[in-house]
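# A look at the structure
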Amino acid sequence: MTLGLSGYSDGGQTMDNHKGVLVCGEIADGKLAPVTIELIGLGRKLADELGEQSSVLLMGSKAGGLAQEAIAYGADNVYVAEDSLLDHYNSDAYTQIAANLCQQVLPSIMLLGHTDIGMDLAPRLNGRLGGGLAMDCIALAIDPATKLLASTRPVFGGNAHATMVSKSARPQMATIRPKTVPPAACDASRQGQVIPVEGKVDPAAIKVKVVERIKEQAEGVKLEDAEVVVSGGRGIGGAQNFAMLRDLASVLGGAVGASRPACDEGWVPARLQVGQSGKSVSPKLYIAVGLSGAMAHLAGCLGSQVIVAINKDKDANIFSVAHFGVVADYKQILPALTAKLKELKSA
Amino acid sequence: MSPVSATYWGIPGTIIFWVLFAIAFGVFLRRSYFLYRLLRLGKPERRSDRIGQRAIFMLSVVSSQWCALKTVGFTDLAGLGHALMFWGFGFFLIGYVIIFGVSGGLGLSLPPAFEALYRSILDIAALFVIAAVIVAVIKRYIVKPKRLEREESLKEKIIMVSLFTAMTMLMVLHYLMEGFKYAAFEIEPSPLLGGVLASFLTSNGISSATLLATYTALWWLNYVILLGALVYTPHSEHLHPLFSPANIFFRPLGPKAALEPVPAEETENFGVSKLQDFTWKQLLDLYSCTWCGRCHAACPAQLSGKSLSPREIILNLKEHLLEEGPGLLNGKAEASSKLIGDVVTEDALWACTTCGACIEACAVKVEHVRRIMDLRRNLVLTQNKMPETAQLMLRNMQSRGHPWAGIQSLRLRGDWTDGLDVKVLADGDTADTLFWVGCTGALVERNVKATISMTRVLKTAGVDFAVLGEAETCCGDPARRAGYEFQFQMMAEQNIETFKSHNIKEIVTSCPHCYNTLKNEYPQYGGDFNVVHYTQFIGKLIAQGKLKLANGLNSRVTYHDPCYLGRYNGVYQEPRQILQSIPQTNLVEMARTRNKAFCCGGGGGHMWIEEQSGTTKINQMRLDDALKTGAEQVVTACPYCLQMFEEGIEHKGIKGALKVQDLAEIVEAAMQPSESKGAA
Amino acid sequence: MNTIVCVKQVLDPEIPPAKFKIDPETKQVIPPPGVPPVISVYDERAIEAACRLKDKHKGKITAISMGTEKAADVIKHAIAMGADDGFVLQDAAFENLDSFGTAYVLGKAIQKIGEYDLVLCGRQAADWGAGEVGSILAEILGIPVVTFACDIQGADKTLRVKRLVSDGFEVLEAPMPCLITVSSEIGLPRLPAGPRLMMARKKVIPVWKAQDIGAEPAKLDKANAHTEVTALSVPTRKTECEIIAGATPEEAAANLAMKLSKLI
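Just so you know, these numbers come straight off a predicted model, no measurement behind them. (Residues numbered from 1 in each chain as written. Chains lettered and ligands numbered in written order. Predicted model: local features only at pLDDT ≥ 70, side-chain atom pairs only at ≥ 80, totals over all residues. Heavy atoms only, no water.)

Bringing the overall build of chain A into the picture now. When its secondary structure is counted, chain A shows eight helices and 18 strands. For chain A, whose C-alpha radius of gyration is 22 Å, the value lies close to the compact-globule estimate of 20 Å for 347 residues. For chain A, the spread of C-alpha atoms along the three principal axes comes to 65 × 50 × 40 Å. Looking at chain A as a whole, 61% of its 347 residues qualify as buried. Sequence-distant contacts in chain A: of pairs separated by 6 or more residues, those separated by 24 or more amount to 63%. Put simply, chain A shows about 13,000 Å² of open surface, and 53% of that area lies on carbon and sulfur atoms. Across chain A, 32 positive and 34 negative side-chain charges occur, with their mean positions spaced 4 Å apart. (Helix = DSSP H or I, 4+ residues; strand = E, 2+ residues; numbered from the N terminus. Rg over C-alpha atoms; globule rule 2.2 N^0.38 Å. Buried < 20%, exposed > 50% of the residue type's maximum accessible area, 1.4 Å probe, protein only. Contact = heavy atoms within 4.5 Å. Areas by Shrake-Rupley, 256 points an atom, 1.4 Å probe, with all protein chains shown as cover. Lys, Arg positive; Asp, Glu negative; His and termini not counted. Charge placed at Lys NZ, Arg CZ, Asp CG, Glu CD.)

Written as structure tokens, this is what we have:
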């Protein structure tokens, strides 16, 4: 067993020959993923501040057809890897293609979405390329003096923010959640280059194979898109009690979410988890029921416009971030609340 | 004269008498020995300490029938019936020995006056026995109180019918025999009632030959029935007459609520998963159960509709022992049915709140709680099976040192001292008196109020005490009661070291569970401190004049006895005395009070283990008890009870109608106003 | 099946947020007094995953942790759950390493341990929460990696891994040796069984220093760090919460309903 891998660079890279921003794009349902459009916009902004170029990597058989669109959003170069083996995310294949490209193009900054793909791909790429990575960033900025990328990310469950830089390691990598930065403006007149990526995916390099994909059908509104989210925490006490939250959510036309403890207990499926290790949501109204408001959970919902808390302990942290609150046992509040809202709705 | 002295078909009656006796007694002994061998399947246990004390207790309790009489109440006179039956039969047993044995078998004649006197006693005794049997039958089959509601198996029905029939027949035969004997032989003096029957028979002109023949037949019939009863008893499952005096003799003498540590030699199988894991005493319990069902009728889990019945556990285990025992004695490795699962369900084991009502109610000192704990230990330590809510609590005990999973996001262990002037022990500090707060009193908001009240009371009384603050960890009781013994042991050893490092002599605690554990269980690990519950401590302060409770309460209150303070440790009077020393306090008692108090539902790990679904919740039932008294306030001296009452009041929506207070809060309010301000 | 599990001891994440304090100078968190550190929640799940595989396939589990001397506690925790033995990696040079440095140290320790079929890590540390070390470690070791596993089944020389994605699951087949990062959806970890608890408590956990694992000073030099923290701050988030009350819970609920209906 060898320690070290061909392509793994140790510290002390020459950073002078690394230039430009490279966005690792995602294709969803044959279109550019919304997060990719956001990142192209961000990449453009960062590249402009550095006076360098911004590029996008698109992988999959649809990649070629989307290149122009990427250019319109702000890319100077679009690297296209048209290979049907890349149509569905495969960690080995994507890492291979992206790493090879990086070693040719030598970007100074690499951006990925903090998505299913990005959360897996970014650390792996980072390991292979020897760069510096900041995950789940809430802000990226170029330091005017040092020209280094300063990435700010939540740590300690969101209790603190850390700013990180990579002085010498390249590329400087960052992942960002969808809807953190605004989507890029589209300018159809923009010009750019479409460059096919050399080399196909080496099937021998694909060690881990995806055998099955199980989509869990969400009934009703999807959590990430809902305008109203009713979320339950450890205080809910059991799977059957979530029915009360579902009732409230349906009257409000919203979705049900949960904190990690509630998901770990098995009271609701994992995909409903809101928080640092779950989804980020920013609805108009976020109702936190039986949730203490641990920072790790708040990390996922602080973008909400109005936060309402229902908790029987007045010292619960949720009240320090909520706009409205009721200090009571949720079991006594929710049915009455749902009924009254139904009444007001029909009036 | 005696039927034994006659000859039957050429065989002398004596021979027949003694041969029958030998056979019957032989079979009796053989079966009894078998039952004894079954007990030997169990592990050893030392119960022969203080033999004198044990013997005196057993003899006095059994002969005075206090074991039965203590269960007598207005609605339950069965204990009186049993006492009468017991004494009645006691006289009869002596009578059988005299009449059948001495006079019959040995052929010695008895002085007529003595015989008449003794028979008169028997005449009266028989009346009581018959009356008791009739009442028992009515109770068991017509009235059917809660404690006797049971699906009796065919075997059990046969036993019951046989018992009642045999007893009645023996009594009737007694009279008949007397009548015919005294009529046939015209002996004077004659017994009280027997003589009446004899006169009746003689006055009806029955020939003396007929009288004699009938007497002889009745005599042998009586003898055979007696021998039959002797043989039948150990073969039936109605074993308590043979074994319950022994069970009373071997009763536990240590503190009621102290569980035993897992033996150090144990390496593989912990707790009990099969019959051979029980001790012989635990198996003896199974024989001794009288089927009275009082434990069943006292169990809060049972009364709230859970599947747990202490009586069923005992009786099912007994059947299991009798069924599987022979195979196991012959060297079979395993029983064919699983103890946990087939004989006793896991649900039943987890429903127990360890309140001890079953032990208190039992006339023959069966130990139910210890058994359930042993089975829990097996589930947790060996099989790693427990309700998720229990697992969550135990994991938190392990990683954070307290059972309140999740609460640490709200407040930390030492936060309750914020703003209070209390001495928090640092490394190297010493203190004589330690106020041990307990996890609930430090971490749960409602209970923190009681802790603060207690602190103010102690300061007002000028007590020099210290607290451990954030260095305090759980006493370990929730872990032990949930069966997670090793975690308990680790915490106990750690706490004892902490106490010793600060040179603590006296520990005052707010929580009866901590009280019980620190006082009765820590000595198992070398912890020898003077532990008092705050009700005892405050009582002393009042007596010493250090606390004056002058502010009137102006309220009708009722006191709820926490199980671990009252029933288990006998502290009933002190809290009541405190309440009664407060002016304008109208103290009323709930129907189920003191040693008969009904559990709040929080013990046995149930502050965290989810209550199984039943007909109602235990705390609701106790709340109803309190409401029935018309009291405005319920007072208790336990953080779990306080939580349970608050939850019940909230759930029922009667916050305005009934308030629940910890006794410390009541005392604080009653203290003189000038002393209470600024003290803390 | 020989498994190595990487576990990290972290400051207890479960504290009242108001008690969370940092030192902006040293860019460290100041732990509140009296709160013992705990095992990172996802790492505990990784141990659980390893134990489940050992239940079915036998084999050996080794736990390693890079940290202070107190890290021996998390190794003991792992042993109590079912690990066979473990090592603490502790050295002044190991303090404040970034993800690359951490992965390097763990990689060297794994090299020293020798043979293995599977390396398990938590998906991210419960403190800094980056979620990088596992994948970087896999690249260092040159083995495949699967992230966010919520179920692992073994058969011969491959593992069948159920992986969490935002709208459901993927099932993958990974050849051994490989590295898997484990997420909390794998389920609750087992309670350490009684006897193992006592046995683990008594065990003395060996400590490996930099020279014991052959770690090169250049790789541990902070000057060569791939990332560094230039600022640490606590964001101030104060909202005035309007408490909606009522004479009864039902009334409070009705009042809240009125408020909300004006908003949406």
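The subject of this paragraph is the packing of aromatic side chains. Residue and element names in this part refer to chain B. With the rule as written, the count across this model stands at 36 aromatic pairs over all chains. Between Phe100 and Trp219, the aromatic rings sit 4.8 Å apart at their centres with planes inclined by 40 degrees, giving tilted as the arrangement. Pair noted here: Phe100 is in helix 4 (residues 78–105) and Trp219 is in helix 8 (residues 208–235), with a separation of 119 residues, a long-range link. Each of the two residues, Phe100 as well as Trp219, counts as buried. Considering the side-chain rings of Phe250 and Trp280, the 4.9 Å spacing of their centres and the 85 degrees angle between planes classify their relative orientation as edge-to-face. Residue Phe250 is found in the loop between helix 9 (240–249) and helix 10 (280–288), and its partner Trp280 is found in helix 10; the two are separated by 30 residues along the sequence. Directly above the ring of Phe57 sits Arg251, whose terminal nitrogen or CZ lies 3.5 Å from the centroid. Between the NZ or CZ atom of Arg371 and the centre of the ring of Phe278, over which it lies, the distance is 5.3 Å. (Phe/Tyr/Trp six-rings, centres within 6.5 Å; stacked < 30°, edge-to-face > 60°. Lys NZ or Arg CZ within 6 Å of the ring centre and 35° of its normal.)

Our next topic: the pairing of strand 5 (residues 77–81) of chain A. Residues and elements named next belong to chain A. Within strand 5, five of the five residues are buried, leaving the element largely enclosed by the surrounding structure. Judged by which residues are buried, strand 5 turns out to be covered on both faces: Asn77, Tyr79 and Ala81 on one side and Val78 and Val80 on the other are all buried. In the sheet, strand 4 (residues 54–59) pairs with strand 5 via five bridges, with the strands oriented parallel. From the neighbouring strand, Ser55 faces strand 5, where its bridge partner is Asn77. Pairing geometry for strand 5 and strand 12 (residues 193–196), over four bridges, is parallel. Opposite Asn77, over in strand 12, you have Gln193 as the bridge partner. (Pairing = 2+ DSSP bridges.)

Another aspect to go through is the environment of Phe537 of chain B. All names here are of chain B. Looking at the element boundaries, Phe537 is found in helix 24 (residues 534–543). As a C-alpha pair, Phe537 and Leu458 span 79 residues in sequence and 9.5 Å in three-dimensional space. If near-sequence neighbours (up to four positions away) are discounted, Phe537 is found in contact with Leu458, Val463, Glu506, Val508 and Val532.

A few words on the confidence of the model for chain C. Here chain C shows a mean pLDDT of 92. Residues at 70 or above account for 100%. For this predicted complex, the interface score ipTM comes out at 0.91, alongside a pTM of 0.88. (pLDDT = per-residue confidence, 0-100.)

With 82 residues of chain C at the interface, the matching set in chain A holds 88 residues. Counting the surface lost from both chain C and chain A, the interface buries some 7,500 Å², and carbon and sulfur atoms represent 61% of this. When residues of chain C are sorted by the area they lose upon contact with chain A, Glu139, His226 and Arg237 of chain C head the list and together hold 9% of the total. Taken together, the connections running from chain C to chain A amount to nine salt bridges. Ionic pairing is found between Glu139 of chain C and Arg128 of chain A, a salt bridge with its closest N-O pair at 2.8 Å. Taken together, the links from chain C to chain A amount to 33 residue pairs in polar contact (both at pLDDT 80 or more). At 12 residues, the largest contribution of residues to the side of chain C that touches chain A is made by helix 8 (residues 249–263) of chain C. When its residues are assigned to classes, the side of chain C that touches chain A shows 44 nonpolar, 17 polar and 21 charged. Taken together, the five bridges between strand 10 (residues 160–165) of chain A and strand 14 (residues 228–233) of chain C define a ladder with antiparallel strand orientation. If you follow Thr163 of chain A over to strand 14 of chain C, its bridge partner there is Ala231 of chain C. (Buried area = accessible area lost by both parts, 1.4 Å probe. Salt bridge = Lys/Arg side-chain N within 4 Å of Asp/Glu carboxyl O. Polar contact = N/O pair within 3.5 Å; in protein donor to acceptor, adjacent residues only side chain to side chain. Nonpolar A, V, L, I, M, F, W, Y, C, P; charged D, E, K, R; others polar.)

Another point: the packing of helix 4 of chain B against helix 8 of chain B. Pairs of packed helices are described in terms of their axes, by the angle between the two and the distance that separates them. Residues and elements named next belong to chain B. Relative to each other, helix 4 and helix 8 sit at 115 degrees, their axes nearing to 12 Å. Crossing handedness for the pair helix 4 and helix 8: left-handed. Residue-level inspection shows Tyr96, Phe100 and Gly104 of helix 4 in contact with helix 8, the latter providing Trp219, Asn222, Tyr223 and Leu226. Partitioned by chemical class, the residues of the contact of helix 4 with helix 8 number five nonpolar, two polar and no charged. (Axes fitted to C-alpha atoms, helices over the stretch in contact; angles between N-to-C directions. Left-handed = near helix turned anticlockwise from the far one by under 90°.)

Quite often, the size of an interface is put as the accessible area lost when its parts meet. Residue and element names in this part refer to chain A. Examined at the domain level, chain A breaks down into domain 1 (6–205) and domain 2 (228–346). Here the C-alpha centre of domain 2 lies 35 Å away from the C-alpha centre of domain 1. When the buried surface of domain 1 facing domain 2 is broken down by residue, Gly157, Asn159 and Arg177 rank first, second and third, together holding 69% of it. Joining domain 1 to domain 2, the criterion identifies zero salt bridges. Counting the contacts that link domain 1 with domain 2 gives four residue pairs in polar contact (both at pLDDT 80 or more). Of the residues contributing to the side of domain 1 that touches domain 2, the split by class is one nonpolar, three polar and three charged. (Domains from an automatic or database assignment.)

What follows concerns the interface of chain B and chain C. Chain B puts 30 residues into the contact, and the matching count from chain C is 27 residues. Contact between chain B and chain C buries roughly 2,300 Å² in total, counting both sides, with carbon and sulfur atoms accounting for 57%. At the junction of chain B and chain C, the tally comes to five salt bridges. Between Asp12 of chain C and Arg400 of chain B there is a salt bridge whose closest N-O contact spans 2.6 Å. Taken together, the links from chain B to chain C amount to 10 residue pairs in polar contact (both at pLDDT 80 or more).

Residue and element names in this part refer to chain B. Mapped onto the fold, Arg47 is located in the loop between helix 1 (13–39) and helix 2 (51–63). A distance of 2.6 Å separates the side chain of Arg47 from the backbone oxygen of Phe250, its partner in a polar contact. Look past the residues within four positions of Arg47 in its chain and what remains in contact with it is Arg54, Phe250, Arg251, Pro252, Trp280, Lys281, Glu367 and Arg370.

Below, the discussion takes up the sheet that holds strand 10 of chain A. One open sheet accounts for four strands, arranged 8(A)-9(A)-10(A)-14(C); its pairing is antiparallel. Because the sheet does not close on itself, it has two edges, and the strands there are strand 8 (139–142) of chain A together with strand 14 of chain C. Strand-to-strand twist across the sheet, computed as the mean angle between neighbouring axes with direction ignored, equals 25 degrees. Of the strand pairs in this sheet, strand 9 (residues 149–155) of chain A and strand 10 of chain A are connected by five bridges, and their pairing is antiparallel. Bridge assignment links Arg153 of chain A to a residue of strand 10 of chain A, and that residue is Ala162 of chain A. The sheet strands contacting helix 1 (residues 34–50) of chain A are strand 8 and strand 9 of chain A, and the helix crosses strand 8 of chain A at an angle near 20 degrees.

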